[in-house]
Amino acid sequence: MNIPTGWQVDIGLEIHAQLSTEAKIFSGASTTFGNAPNSQACAIDLGMPGVLPKVNAAAYEKAVRFGLGVSGTINRESRFDRKNYFYPDLPKGYQITQMDLPIVVGGHVTISNEDGTQKVIHITRAHLEEDAGKSIHDFKPTQTGVDLNRAGTPLLEIVSEPDLKNASEAVAYAKAIHHLLTYLDVCDGNMAEGSLRFDANISVRRVDAEALGVRSEIKNLNSFRFLEQAIHYEIERQIDTLSAGGVLAQDTRLFDPEKLETRAMRSKETATDYRYFPEPDLLPVKIDESFIDRIKASMPELSGTRASRFETSLGLPTADAQLLAGDRSLGDYFEQLATLSGQPRLAANWVKGDILSRLREQDLNISECPVSPEAMAELLGLTVENVVSGKTAKAVFAALWEGDAISASTYVKEHGLEQVSDTSAIEPLVTELLREHPKQADDLKAGKSKLMGFFVGKVMQATSGTANPQQVNEILRAKLGL
Ligand code: MN
């Protein structure tokens, strides 16, 4: 969708990421998904009178990992606040969240636009909070059920600046955050289970207007596609209203994925509506340097850094480096293979080619790859030393994949697949072929260089693919005086 001339769009995202901790943020109840309704909400999650919440350190650790991952500031002292509101799936009547002193302040991620340009998106803050329960409307026709299993699940709410200027930038940013969260093992990223939800703040203004326009917040978008569709609809709705001389009201809206439209849910509340106040049952959380240092030491190399290292020190083309570094396990596999074989470029070609396509075919993960980096390195060694031709290498790879070979070298030996690099074995074959095909030999000599392929092909055929094609080439040239 193109934004109509004369207009500009400002989008900021609030992303709720469920932290992959075993226990809830203020209680020891399990966070496992999909269990029987209300089987894992304890008295603390329900806010029963007299119970006291206790902060789960694992949730803090995940939040700090994220903060370090986006180069944000980690607040050495953060605090929880109560956000008061009534909803059937929030029996306590308030949510414990962080208002004035969030755990992470600032930070940024870099997104790649469709045209290949890069853009830095700023993060305002990321704060910890608890999730609410879930109302179930399709349980009985005339009743609504409430499942409180999710109540108290730790969330990290990541708020961006309104740096996003269209739907595709918003989706690219959402994907970058999703990637980072899973890469750092902060969130499992499972969108179908609601581990990541997007709220989009969208406003439009004339290109020459300095102040941001009146914004609408579209709540709870749970897929990249819905995020994109909701933004498209909203941009059009707002521009149409303003163009017709109408006025926009700041509101909170819901997206209907079937009708592809947003609908007003309520007029936007302001902070005072929630009557925030410091959570009286929890002390401010102070974290010391050793806590942060320990997390820093456990952080993986970020994919951007890794990609540039693959490019500069291993000599990979940019696209290959980004592809291989984009997934942590894939990057690990490649790096191991590159180190063991001493052939980074060859390793990259195998991983992004044969290995990835077979994995995709069988819907497997790189961690489930049946050929280990060690076994692959041995195969790569055989090709580098010209023991097998490229074609044979593919056949050996297939055998390794199917489990028909113990190792590349034993398979090659057992099946007599060694490349014939012995001149004395190839030379008589070439002589014979030139005699059998005098016309082609003359044409080749006269400069019809395409016929080189004809003769090389014949030799390869006669040797069942074991001849070294480069060597055949050389012998041919020598014999014809080329
Ligand atoms: Mn929130």
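The structure displayed is predicted, hence computed values, not measured ones.

Digging into the overall build of the protein chain
Counting secondary structure elements, the protein chain contains 16 helices and 17 strands. Taken over C-alpha atoms, the radius of gyration comes to 31 Å for the protein chain, far larger than the 23 Å a tight globule of 482 residues would show. Considered along the principal axes of its C-alpha atoms, the protein chain spans approximately 95 × 55 × 50 Å. In the protein chain, 67% of the contacts between residues at least 6 apart in sequence involve partners at least 24 apart. Taken as a whole, the protein chain presents about 23900 Å² of accessible surface, with 51% of it coming from carbon and sulfur. Computing the positive centroid from 50 side-chain charges and the negative centroid from 66, the protein chain places the two 2 Å apart.

Quick word on helix H3 (residues 167–183)
Over its 17 residues, H3 extends 24 Å from the first C-alpha to the last, a length consistent with the 24 Å expected when each residue adds 1.5 Å. Of all 17 residues that make up H3, 13 are buried, and the element is covered over most of its length. Asp 185 sits one or two positions beyond H3 and adopts a positive phi of about 60 degrees.

Considering the domain arrangement of the protein chain
The extent of an interface is frequently quoted as the accessible surface area lost upon association of the parts. You can read the domains of the protein chain as domain 1 (7–290), domain 2 (302–414) and domain 3 (423–480). Summarising the inter-unit geometry, the C-alpha centres of domain 1 and domain 2 are found 39 Å apart. With 5 residues of domain 1 at the interface, the matching set in domain 2 holds 7 residues. Carbon and sulfur atoms make up 53% of the surface buried where domain 1 meets domain 2, a total of about 530 Å² over both sides. Of all residues in domain 1, Gly 69, His 179 and Tyr 183 bury the most surface against domain 2, accounting for 80% of the area lost on that side.

With respect to the coordination of the manganese ion
Protein-derived coordination of the manganese ion comes from His 16 (NE2), Glu 129 (OE) and Glu 157 (OE), at a distance range of 2.0 to 2.2 Å. Each donor residue of the manganese ion belongs to the same chain, with the gaps between them written as H-x112-E-x27-E. With His 16 in strand S1 (residues 7–18) and Glu 157 in strand S11 (residues 154–160), the pair connects residues that are 141 residues apart, well separated along the chain. The residues His 16 and Glu 157 share a single accessibility class, namely buried.

A closer look at unusual backbone geometry
Look at Asn 38: it is not a glycine, yet its phi comes out positive at around 60 degrees. Positionally, Asn 38 belongs in the loop between S1 and helix H1 (43–46). For Asn 38, a relative accessible area of 40% puts it in the partly exposed group. You will see that Asp 363, though not glycine, has its phi angle at about 55 degrees, which is positive. Along the chain, the position of Asp 363 falls in the loop between helix H9 (344–361) and helix H10 (373–384). Look at Asp 363 and you get exposed, because its relative accessible area is 71%.

Notes on the packing of aromatic side chains
The tally for this structure, following the rule as stated, stands at 10 aromatic pairs. A ring pair is formed by Phe 226 and Phe 255, whose centres lie 5.9 Å apart and whose planes are at 55 degrees; its orientation type is tilted. Taken as a pair, Phe 226 in helix H4 (residues 224–243) and Phe 255 in strand S14 (residues 251–256) lie far apart in primary sequence, 29 residues in all. For the cation-ring pair, Arg 82 lies above Tyr 94, with the distance from its terminal atom to the ring centre recorded as 3.9 Å. Over the aromatic face of Tyr 183 sits the side chain of Arg 328, whose NZ or CZ is 5.8 Å from the ring centroid.

Topic: the pairing of strand S10 (residues 143–147)
Where strand S9 (residues 134–140) and S10 come together, 4 bridges link them in antiparallel fashion. Looking at the pairing, Lys 134 lines up with Asp 147 of S10. The turn linking S9 back onto S10 is made up of 2 residues.

A look at the layout of surface pockets
Size it by volume and the second largest pocket reaches roughly 1000 Å³. As for the second largest pocket, its lining consists of 32 residues, and the residues nearest its centre are Thr 110, Ile 111, Ser 112, Ala 176 and Ser 303. If you list the elements that add at least two residues to the lining of the second largest pocket, you get strand S7 (108–112), H3, helix H6 (303–312) and helix H7 (318–325). Per-class residue counts for the lining of the second largest pocket are 10 nonpolar, 17 polar and 5 charged.

As for the packing of H3 against H4
Interaxial distance between H3 and H4 falls to 9 Å at its minimum, and their mutual angle equals 155 degrees. On the basis of their axis angle, the class for H3 and H4 is roughly antiparallel. The interaxial crossing formed by H3 with H4 has right-handed handedness. Of H4, the residues touching H3 (which contributes Ala 167, Ala 170, Val 171, Ala 174, Lys 175 and His 178) are Phe 224, Leu 227, Glu 228, Ile 231 and His 232. Residue classes in the contact of H3 with H4 are distributed as 7 nonpolar, 2 polar and 2 charged.

Remarks on the pattern of salt bridges
Pairs can form between side chains of opposite charge whenever their charged atoms are close. In the structure shown here, the tally under the stated rule is 30 salt bridges. For Asp 10, the salt bridge goes to Arg 205, with nearest N and O atoms at 2.8 Å. Of this pair, Asp 10 sits in strand S1 while Arg 205 sits in strand S12 (residues 196–206), placing them 195 residues apart in sequence. By the burial criterion, Asp 10 is buried, and Arg 205 matches it. Arg 294 is paired through a salt bridge with Glu 61; the nearest N and O atoms lie 3.9 Å apart. In this pair, Arg 294 is assigned in helix H5 (residues 289–298) and Glu 61 in helix H2 (residues 57–69), connecting sequence segments 233 residues apart.

Concerning empty space enclosed by the protein
Over the atoms, a rolling probe the size of a water molecule traces out where space has been left empty. Summed over all chains, the structure comprises 1 cavity of 30 Å³ or more. There is about 50 Å³ of room inside the largest cavity. Looking at the lining of the largest cavity residue by residue, the classes come out as 3 nonpolar, 1 polar and 5 charged.

Conventions and cut-offs
- Residues numbered from 1 in each chain as written.
- Predicted model: local features only at pLDDT ≥ 70, side-chain atom pairs only at ≥ 80, totals over all residues.
- Heavy atoms only, no water.
- Helix = DSSP H or I, 4+ residues; strand = E, 2+ residues; numbered from the N terminus.
- Rg over C-alpha atoms; globule rule 2.2 N^0.38 Å.
- Contact = heavy atoms within 4.5 Å.
- Areas by Shrake-Rupley, 256 points an atom, 1.4 Å probe, with all protein chains shown as cover.
- Lys, Arg positive; Asp, Glu negative; His and termini not counted.
- Charge placed at Lys NZ, Arg CZ, Asp CG, Glu CD.
- Expected span 1.5 Å × (residues − 1).
- Buried < 20%, exposed > 50% of the residue type's maximum accessible area, 1.4 Å probe, protein only.
- Domains from an automatic or database assignment.
- Buried area = accessible area lost by both parts, 1.4 Å probe.
- Donors = N, O, S within 2.8 Å, 3.2 Å for Na, K, Ca; no water.
- Phe/Tyr/Trp six-rings, centres within 6.5 Å; stacked < 30°, edge-to-face > 60°.
- Lys NZ or Arg CZ within 6 Å of the ring centre and 35° of its normal.
- Pairing = 2+ DSSP bridges.
- 1 Å grid on protein atoms, 1.4 Å probe; cavity = no way out; pocket = protein on both sides within 12 Å on 5 of 7 lines; lining within 4 Å.
- Points joined across faces, edges and corners; volume = space filled by probe spheres on them.
- Nonpolar A, V, L, I, M, F, W, Y, C, P; charged D, E, K, R; others polar.
- Axes fitted to C-alpha atoms, helices over the stretch in contact; angles between N-to-C directions.
- Parallel < 35°, antiparallel > 145°, perpendicular 65-115°, else oblique.
- Left-handed = near helix turned anticlockwise from the far one by under 90°.
- Salt bridge = Lys/Arg side-chain N within 4 Å of Asp/Glu carboxyl O.

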